[in-house]
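Topology and contacts: notes
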Amino acid sequence: MPGHTDNEIVIAAPLDLVWEMTNDLENWPDLFSEYASVDVLERDGDSVRFRLTMHPDENGQVWSWVSERTTDKSSLAVRARRVEPGPFEFMEIRWEYAEVPAGTRMRWIQDFAMKPTAPVDDDGMVNHINKNSRIQMQLIREKVELRAGER
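Below is a short write-up of the structure. Residue positions are given per chain, counted from 1 along the sequence in the order it is written. Per-residue local features of the predicted model are confined to residues with pLDDT of at least 70, and side-chain atom pairs are confined, for both listing and counting, to 80 or more; whole-chain, interface and lining totals are unaffected and use all residues. The side-chain numbers reported here are obtained from all heavy atoms of the structure, hydrogens and water having been left aside.

The next thing to look at is the packing of aromatic side chains. Between two aromatic rings, the relevant description is the distance of the centres plus the angle of the planes. Think of it this way: a Phe, Tyr or Trp ring, Trp meaning its six-membered ring, pairs with another when their centres are within 6.5 Å, and the plane angle makes it stacked under 30 degrees, edge-to-face over 60, tilted otherwise. One pass over the structure, following the stated rule, counts nine aromatic pairs. Seen in terms of ring centroids, Phe32 and Trp108 are 6.0 Å apart; in terms of plane orientation they differ by 25°. Their pairing is stacked. Highlighted residues: Phe32 in the loop between helix 2 (28-31) and strand 2 (35-44) and Trp108 in strand 7 (residues 103-114), separated in sequence by 76 residues. The residues Phe32 and Trp108 share a single accessibility class, namely buried. Ring-pair connections join several aromatic residues into one group, and the members of that group are Trp28, Phe32, Tyr35, Phe50, Trp95 and Trp108. Secondary structure counts use DSSP, requiring at least four H or I residues in a row for a helix and at least two E residues in a row for a strand, with both numbered from the N terminus. Throughout this description, buried means an accessible area under 20% of the type-specific maximum (1.4 Å probe, protein chains only), exposed means over 50%, and partly exposed covers the range between.

So, in structure tokens, the structure goes:
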């Protein structure tokens, strides 16, 4: 059965700032703790194809893949998918944003399936993504709120 995750956080900052900072791909290595680099390969309007490279994991393995991402500010949503799925049969991601009384709610929804040869099964990856999403969202909240306080 495919994996599904759904994580969200409220950031005490204006929606435009949250949108701007979280969709600035070139600065993801400064925003996320897990990414070593982002290389933009192609842009076409609101769509971008890019290579993400992570910092080495606990075993020294460096993971890298190509993804496509399309932002739609009018619907406050982003859709992405892995072009090079690696250990995934597929990976589809949706980010949603909404103004709320305390600031901006950012939500990440991921649907995927692991290949039978992957080092972890669907349930294992659900656990990994949920744990890591909470860590990354908290880091992002801290950085965006810091920037919001500087304005």
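Moving on to the environment of Arg51. With respect to the helices, strands and loops of the structure, Arg51 is situated in strand 3 (residues 47-54). A relative accessible area of 25% places Arg51 in the partly exposed class. Counting along the chain gives 31 residues from Arg51 to Arg82, while the straight-line C-alpha distance between them is 9.7 Å. Definition of a polar contact: a pair of N or O atoms within 3.5 Å, with one able to donate and the other able to accept a hydrogen when the atoms are protein atoms, and with sequence-neighbouring residues admitted only if both atoms are side-chain atoms. At 3.0 Å, the side chain of Arg51 forms a polar contact with the side chain of Ser64. At 2.9 Å, the side chain of Arg51 forms a polar contact with the side chain of Glu84.

With that out of the way, let us pick up the sheet that holds strand 7. Strands sit in the order 1-7-6-5-4-3-2 across an open sheet of seven strands; the sheet is antiparallel. Two strands lie at the open edges of the sheet, namely strand 1 (3-11) and strand 2, each paired on one side alone. Ignoring which end each strand starts from, the neighbouring axes of this sheet average 20° apart. Where strand 4 (residues 64-72) lies against strand 5 (residues 77-82), six bridges are found, and the strand directions are antiparallel. Among the inter-strand pairings, Ser67 is bridged to a residue of strand 5, identified as Arg82. Of the strands in this sheet, strand 1, strand 4, strand 5, strand 6 (88-100) and strand 7 are in contact with helix 1 (residues 15-22), which crosses strand 6 at around 155°. Between two residues, a contact is recorded if the distance between any of their heavy atoms is within 4.5 Å. Axis angles are defined between N-to-C directions and span 0 to 180 degrees, where every axis is a line fitted to C-alpha atoms and, for a helix, only to the segment in contact. Along the sheet, helix 3 (residues 122-150) contacts strand 1, strand 6 and strand 7; its crossing angle with strand 1, the most-contacted strand, is approximately 15°. The rule for pairing is simple: two strands pair if DSSP sees at least two bridges between them.

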